[in-house]
Amino acid sequence: MNINKNTLFDFAVPMPQLVDDIAEIGHKWTIIMQGGMGWGKTESLNLLKQKPALKDHEFIYIDGTTKSDSGDFYMIKYSDTGETFTTVPHEELGMHLEQLGKHVVLFFDEIGKMPRSAFNAILRILYERKTANGLKLSDKSIVYAATNMAAEGLGDVLQAHSRNRCRVATVSVPTKMEWLQWAITNAVHEFVIGYANDNNFIFKSFLEHNLDAQGNSEHPEIYDPRTPEPPVAFVTGRSLAHASDYFHLYDERVASAVSGGHFSQDVEKSMKHNLKCQLAGVVGPKGATDMLTYFSLQKDLPTEEDIINTPMTAKIPKGGAARALLMARSLKNMRKELAAPWMKYLMREGAGEFTKVDQAVFGMGANVKGYHATKILARNEQYQKWAEENVILFGKA
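Summary of the structure given here. (Residues numbered from 1 in each chain as written. Predicted model: local features only at pLDDT ≥ 70, side-chain atom pairs only at ≥ 80, totals over all residues. Heavy atoms only, no water.)

Thoughts on the overall build of the protein
Part 1 of the argument: Secondary structure summary: the protein contains 16 helices and eight strands in total.
Part 2 of the argument: Projected onto its principal axes, the C-alpha positions of the protein cover 85 × 55 × 50 Å.
Part 3 of the argument: Sequence-distant contacts, at least 24 apart, represent 70% of the contacts inside the protein between residues at least 6 apart.
Part 4 of the argument: When the 44 basic and 47 acidic side-chain charges of the protein are each reduced to a single mean position, those positions are 3 Å apart. (Helix = DSSP H or I, 4+ residues; strand = E, 2+ residues; numbered from the N terminus. Contact = heavy atoms within 4.5 Å. Lys, Arg positive; Asp, Glu negative; His and termini not counted. Charge placed at Lys NZ, Arg CZ, Asp CG, Glu CD.)

Right, dumping it as structure tokens:
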């Protein structure tokens, strides 16, 4: 799908707004969302599942890269005489559910990569919500699709007449704060949160980054098809989530080694080397090397004992990444004896103290549905006062 820089940046829609659009008009028009690789297009289906208006819908996910031709969607059914035949849709499409009184949300992911034969087979569903043999979706059923941008060079192509009969919308790369909120909600490892908080370039399309005289990107950590040798592994929202899994696995292995009595400097060195190799496979060598530096940032953090015993004098980390680590650690370990001194610590005023951005990271995490320490914080008078004064940090302006 061909777009240019102006289309991407002047007319891009944030994912939450695009999901709202799909939920509200997706029963009339097929919206095709186009956007950068690894930034949550597939996740849109889970966001739609959270919509109260769609609670009775059946959700169907179809990956266009797993289909080879029309036979993946339709089979031949001969008449009783065998002289004629029709085609019947695979149950995967959900076309039979209307007869059962059910509504569906039908999502064709990676539609721009779908082979032409398979793509042609679903066009009538995209355009008209029905098949040639008379089956149709209910009036409340939703159909939408997702694809990468042609500018990414991943093979995504849709013909002009297909785009014209649907509604194409470019989804923007999330802002850092949007991603941090998602990361905290989904228990992303604090080292990955710190890395993302410290690297704003992650939250921009490759089209916004400059190339040097040799055509190399100023940020080799990201995928840029314009470069002579695009990286094999690179940083996206999806790969950050994968990196988080590896960090959690590392923590589990360390804890197991310690409890088993066989943890040593050599074991730790071996584990960190293994972690670096794992990370390189998902975020690339430079991203992996940079993420590992967050082990050293731990020495810049105050201990929980310091915060509990001397909240007004406990040191505050200088760097944004270290502060993000501290917020994530405190959210994870929040308990009754930490709540009151932590709020005194967080609300300190003056030069070098916490910024609104720092507080926003904590605020979003504390407001996550199902957060384990919600009741503990809610009983704290300082937290209640701070939450009222900083309600915008919670997304409730």
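Focus: the nonpolar core
Part 1 of the argument: In this structure, Trp179, Leu240, Leu279, Met334, Trp342 and Phe362 are the most contacted members of the largest nonpolar core, which totals 66 residues.
Part 2 of the argument: Residues within four places of tryptophan 179 in sequence aside, it is in contact with Trp39, Pro174, Val188, Val192, Ile193, Ala196, Phe203, Gly237 and Leu240.
Part 3 of the argument: Counting residues in each nonpolar core, the second largest holds 27 residues, with Phe108, Ile122, Leu123 and Tyr127 among its members. (Core = buried A, V, L, I, M, F, W, Y, C linked by side-chain atoms within 4.5 Å. Buried < 20%, exposed > 50% of the residue type's maximum accessible area, 1.4 Å probe, protein only.)

Quick look at the environment of asparagine 216
Part 1 of the argument: Residue position: asparagine 216 is located in the loop between helix H7 (190-198) and helix H8 (237-259).
Part 2 of the argument: Residue class for asparagine 216 comes out partly exposed when judged on its relative accessible area of 34%.
Part 3 of the argument: Along the backbone, asparagine 216 and glutamate 190 are 26 residues apart, and their C-alpha atoms lie at a distance of 31 Å.
Part 4 of the argument: Non-local contacts of asparagine 216, meaning those with residues more than four positions away in its chain, are made with Asn210, Leu211, Thr227 and Pro228.

Considering H7
Part 1 of the argument: With eight of its nine residues buried, H7 lies for the most part within the structure.
Part 2 of the argument: Residues of H7 that are buried include every one of Glu190, Phe191, Val192, Ile193, Gly194, Tyr195, Ala196 and Asn197, and no others.
Part 3 of the argument: Tucked inside the fold, the buried residues of H7 contact helix H6 (176-185), H8, helix H9 (265-292), helix H10 (294-297) and helix H12 (320-333).

Quick notes on the packing of aromatic side chains
Part 1 of the argument: Within this structure, the stated rule accounts for 18 aromatic pairs.
Part 2 of the argument: Considering the side-chain rings of phenylalanine 191 and phenylalanine 247, the 5.4 Å spacing of their centres and the 75° angle between planes classify their relative orientation as edge-to-face. Note that phenylalanine 191 is positioned in helix H7 and phenylalanine 247 in helix H8, a separation of 56 residues in sequence. Taken as a pair, phenylalanine 191 and phenylalanine 247 share a single burial class, namely buried. (Phe/Tyr/Trp six-rings, centres within 6.5 Å; stacked < 30°, edge-to-face > 60°.)

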